[in-house]
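Each chain is listed here by its residues.
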Amino acid sequence: MAEELLAEERQGEATLVEAQSDLSNGKKLYLESYGCQMNFSDSEIVASIMTKAGYQTTRNSDEADVVLINTCSIRDNAEQRVRNRLTQFQKDKRNNPDKVIGILGCMAERLKSQLLEEEQLVDLVAGPDAYRELPGLVSEVESGQKAVNVLLSREETYAEIAPVRLDSNGISAFISIMRGCDNMCSFCVVPFTRGRERSRDPESIVAEAKDLFDKGYREVTLLGQNVDSYRWNENKKGEIIDPAKETVNFAQLLEKVALVHPDLRIRFSTSHPKDMTDEVLHTMAKYENICEYIHLPVQSGNSDVLKRMNRGYTREWYFNRIEAINRIMPNCGISTDIIAGFCGETEEEHKDTLSLMEELRYDFAYMFYYSERPKTLAARKYEDSVSLEDKKRRLNEIIDLQMVHSLESNKRAVGKTHKVLIEGFSKRSKEQYCGRNTQNVMIVFPKTEHKPGDYVHVKVTDCTSATLIGEVIDA
Ligand code: SAH
Ligand code: SF4
Ligand code: F3S
C-alpha cells in the first residue's frame, strides 16, 4: 500500500509551522495544516495575516494562545483525522481554558457552525475566504463571543498579501494563481468548500515570483484546482471585462513567470484534461525552465463512469490529450489521480481503468477509493453501490499495477544524466543531497561542494519505485 500512503501524505499530512513577528502582541499561534497544496499555501497567507496582527508562531501547541487547524474535506478519512486532533486539543484546553481553538479551510466551510455549536470542538470557524478577518474573530472569542465567518467570495484572491513561507527549504515555493472551482465533478466537495472560481492578477503573481527569486528561491509551483481555466480580465463567455487592461490566459501567464529568470523553475498543478490546450504544451516546450511534467488526473478509464463523474471528457479525449503531450514534449513526465469504486462502477468498468493504465504507463499516481461526500451531485443522484471490500480490492489492483509502472519508469531513467535542482539534504543522511529532475522525480546523490539552489547534472545509477540514486558529474 506504499502508493496509497504517499497519496495520503500529500492529502493529509499535518505540518507545524513557525514564523516571526515584528510587532509582537506577546501571543503565540500554533498552525497545523491538512489537505492539498492550496491549503498549505493558504496557511502561509494565514501566517502572514496573523504575524501582521502581532502573533508569533510556535511549533509547540502547549504554549500557544491560539491554535488554528487548516482542514480538508476531500474524503471522509481526512475529516476523521481532524476530528481526532480537535478532540485532543479540547483535552489539552482543560489546562489552559483561555486557549482559542479555531478551525479553518474546507471542513470549516462544509460544516459551518456545527463543530462550534453542536459538537463544541472549536471556538472559532473561518472559511477559506475569511482569513483577513481572523485577528478580529480571535478577539471576538477572547471577549466571550462565538466567532464564525464562512462567507465565500467571488473576488477574494489575497493577491497583495505576501505569504510567510512556512516550513520552507528556501528553494521551492507555492504561488496560488486562482481560487475556487466551477467544475462540479459529481464526486467532489471542493466547489462547495472553496466557492466560485476566480483568477488572481497576473502582475501580483509575477511580482511574487520575482521576489522569491531575489530571496534565493529557484522553483515555484503555480497552484489552482484547474489551472487551465485561469483567465484574467475575461469572463466565462470570453468577453473582455476591462478594455484598458490586458487579458491573460494560463499559457500566457506561464510565459510571463518563465521570463522572470531562466534559473527559476516553473511547475504547476492541477491540469484538467477537458481544458488543457496545445498552447500550454507549446509554451512548456518553448521554455527550458518550465518543467516537463504534467499531473493530469484521469479518475477513471471508462467513458460511462467519466460521464457519471461529470468530468467533461471521454476515454478517447483523454488519450488524445496524452498523445498531444507526447508529440509536443516527448520526454514529459505524466502522473494522474484515480478513484476506484465510484457509484455503480462494474467490474468491466474497473478493468477499463486498468487497461488505460497499461496503455499509458503513468510515471506516478495518487490513488483513492471513492468516499461519498454530502451534498455533492453523486451523493444526491447515485447510490454509493460498490461495497467497501470491492473498493479496497479494486484500489489494490490499481496500486499494484502502478507500482510496476513507476518502477519501470524509474528504470528507464537509470544510466541517463539529469539536470537536478538541489533542494537540500536527503531525509536519511547529511552526506546525501536530494533534488528533482524536470520530470519531478526525486534523485538522491552524495553531497558535493554545491549548495542547495544550485543546478547540477546527476548521472543516475540505480533506483527504487519512488527514488532515483545517482552521482554528480559536473566538474
Ligand atoms: N482539482 C483537481 C483535484 C482536486 S482533489 C482535479 O480536478 O484534478 C484531488 C483528488 O482527490 C482528485 O483528483 C480525486 O482523485 C480525489 N478525490 C476527490 N474527491 C474524492 C472522493 N469523493 N472520493 C475519493 N477521492 C476523491
Ligand atoms: Fe473537484 Fe473537479 Fe474541481 Fe477538481 S476540477 S476540484 S475534482 S470539482
Ligand atoms: Fe481538501 Fe479543500 Fe484541498 S477539500 S483537497 S483542502 S481544496
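About the criteria used
- Residues numbered from 1 in each chain as written.
- Chains lettered and ligands numbered in written order.
- Predicted model: local features only at pLDDT ≥ 70, side-chain atom pairs only at ≥ 80, totals over all residues.
- Heavy atoms only, no water.
- Helix = DSSP H or I, 4+ residues; strand = E, 2+ residues; numbered from the N terminus.
- Rg over C-alpha atoms; globule rule 2.2 N^0.38 Å.
- Buried < 20%, exposed > 50% of the residue type's maximum accessible area, 1.4 Å probe, protein only.
- Contact = heavy atoms within 4.5 Å.
- Areas by Shrake-Rupley, 256 points an atom, 1.4 Å probe, with all protein chains shown as cover.
- Lys, Arg positive; Asp, Glu negative; His and termini not counted.
- Charge placed at Lys NZ, Arg CZ, Asp CG, Glu CD.
- Domains from an automatic or database assignment.
- Buried area = accessible area lost by both parts, 1.4 Å probe.
- Salt bridge = Lys/Arg side-chain N within 4 Å of Asp/Glu carboxyl O.
- Near = heavy atom within 4 Å.
- Nonpolar A, V, L, I, M, F, W, Y, C, P; charged D, E, K, R; others polar.
- 1 Å grid on protein atoms, 1.4 Å probe; cavity = no way out; pocket = protein on both sides within 12 Å on 5 of 7 lines; lining within 4 Å.
- Points joined across faces, edges and corners; volume = space filled by probe spheres on them.
- Pairing = 2+ DSSP bridges.
- Axes fitted to C-alpha atoms, helices over the stretch in contact; angles between N-to-C directions.
- Polar contact = N/O pair within 3.5 Å; in protein donor to acceptor, adjacent residues only side chain to side chain.

Undergrad: Help me out: how do you make sense of the overall build of the protein in this one?
TA: Within the protein one finds 15 helices and 22 strands. The C-alpha atoms of the protein give 22 Å as radius of gyration, which agrees with the globular expectation for 475 residues (23 Å, within 12%). On the principal axes, the C-alpha backbone points of the protein span a range of 65 × 55 × 55 Å. Across the 475 residues that make up the protein, the buried fraction comes to 55%. Taking the contacts inside the protein whose residues are at least 6 apart along the sequence as the reference set, 72% of them involve residues at least 24 apart. Accessible area for the protein stands at about 20400 Å²; split by element, carbon and sulfur atoms hold 49% of it. The average position of the 63 basic charges and that of the 77 acidic charges among the side chains of the protein differ by 1 Å.

Undergrad: It is not clear to me how the environment of G35 should be interpreted in this structure. Could you clarify?
TA: Mapped onto the secondary structure, G35 falls in the loop between β2 (28-33) and α2 (37-52). As for G35 and N70, which are separated by 35 residues in sequence, their C-alpha atoms are 8.2 Å apart.

Undergrad: Help me out: how do you make sense of the domain arrangement of the protein in this one?
TA: Many analyses report the size of an interface as the accessible area lost when the parts associate. Under the domain assignment used here, the protein contains domain 1 (2-149), domain 2 (172-234 + 245-413) and domain 3 (417-473). The distance between the C-alpha centroids of domain 1 and domain 2 comes to 27 Å. Each side of the interface is counted separately: domain 1 has 24 residues, and domain 2 has 30 residues. Note on domain 1 versus domain 2: buried area summed over both sides is about 2500 Å², and carbon and sulfur give 56% of it. Across the domain 1-domain 2 interface, the total number found is 5 salt bridges.

Undergrad: How should the site of ligand 2 be read in this particular structure?
TA: The environment of ligand 2 is formed by C181, N183, M184, C185, F187, C188, V190, P191, Q225, H272 and R311. Across the shell around ligand 2, the residue classes break down as 7 nonpolar, 3 polar and 1 charged.

Undergrad: In this structure, what is going on with the layout of surface pockets? I would like to understand it.
TA: Empty space among the atoms can be located by rolling a probe the size of a water molecule over them. Considering only enclosed or pocket space, the second largest pocket measures out at about 810 Å³ in volume. Breaking the lining of the second largest pocket down by element, the ones donating at least two residues are α10 (278-286), α12 (315-328), β16 (333-340), α13 (347-360), α15 (388-413) and β18 (417-425). The dominant element in the lining of the second largest pocket, judged by the number of residues it contributes, is α15, at 4 residues. Tallied by class, the residues present in the lining of the second largest pocket amount to 15 nonpolar, 11 polar and 9 charged.

Undergrad: What's the story with the sheet that holds strand β21 (residues 455-463) in this structure? I'm lost.
TA: Strand pairing in a sheet takes place through backbone hydrogen bonds and is either antiparallel or parallel in direction. Read once around its circumference, the closed barrel built from 5 strands follows the order β18-β19-β20-β22-β21, with strand pairing classed as mixed. Ignoring which end each strand starts from, the neighbouring axes of this sheet average 50° apart. The sheet contact formed by strand β19 (residues 432-436) and strand β20 (residues 442-446) spans 5 bridges and is antiparallel. Paired with R436 across the strands is M442, a residue of β20. Packing against the sheet, α15 makes contact with β18, β21 and β22 (468-472), and its axis sits at approximately 120° to β21.

Undergrad: Would you take a moment to explain the side chain of R315 for this structure?
TA: Relative to the elements of secondary structure, R315 occurs in helix α12. Buried charged residue R315 carries no salt bridge. Nearest counter-charge: E359, at 4.3 Å. Engagement of the side chain of R315 in a polar contact is seen with the backbone oxygen of G301, the distance being 2.8 Å. Only 2.8 Å separates the side chain of R315 from the backbone oxygen of D352, close enough to count as a polar contact. Discounting residues that sit within four places of it in the chain, R315 has contacts with G301, S303, L306, D352, S355, L356 and E359.

Undergrad: Quick question: what am I supposed to make of empty space enclosed by the protein here?
TA: Summed over the entire model, instances satisfying the criterion amount to 2 cavities of 30 Å³ or more. Each pocket or cavity is described by its volume, and for the largest cavity that value is around 720 Å³. Together, 43 residues line the largest cavity, and I74, C188, V190, Q225 and D337 are the ones closest to its centre. Among the secondary structure elements, those contributing two or more residues to the lining of the largest cavity are α1 (2-12), α2, α7 (190-194), β16 and β17 (364-369). By residue number, the principal contributor to the lining of the largest cavity is α7, which donates 4 residues. Here the residues of the lining of the largest cavity are counted per class, giving 19 nonpolar, 18 polar and 6 charged. Each of two domains, domain 1 (2-149) and domain 2 (172-234 + 245-413), supplies a minimum of three residues to the lining of the largest cavity. Roughly 80 Å³ of volume is contained in the second largest cavity. If you trace the second largest cavity, you find it lined by S41, I45, T157, Y158, I161, P163, F174, I175, S176, R179, R200 and E208.

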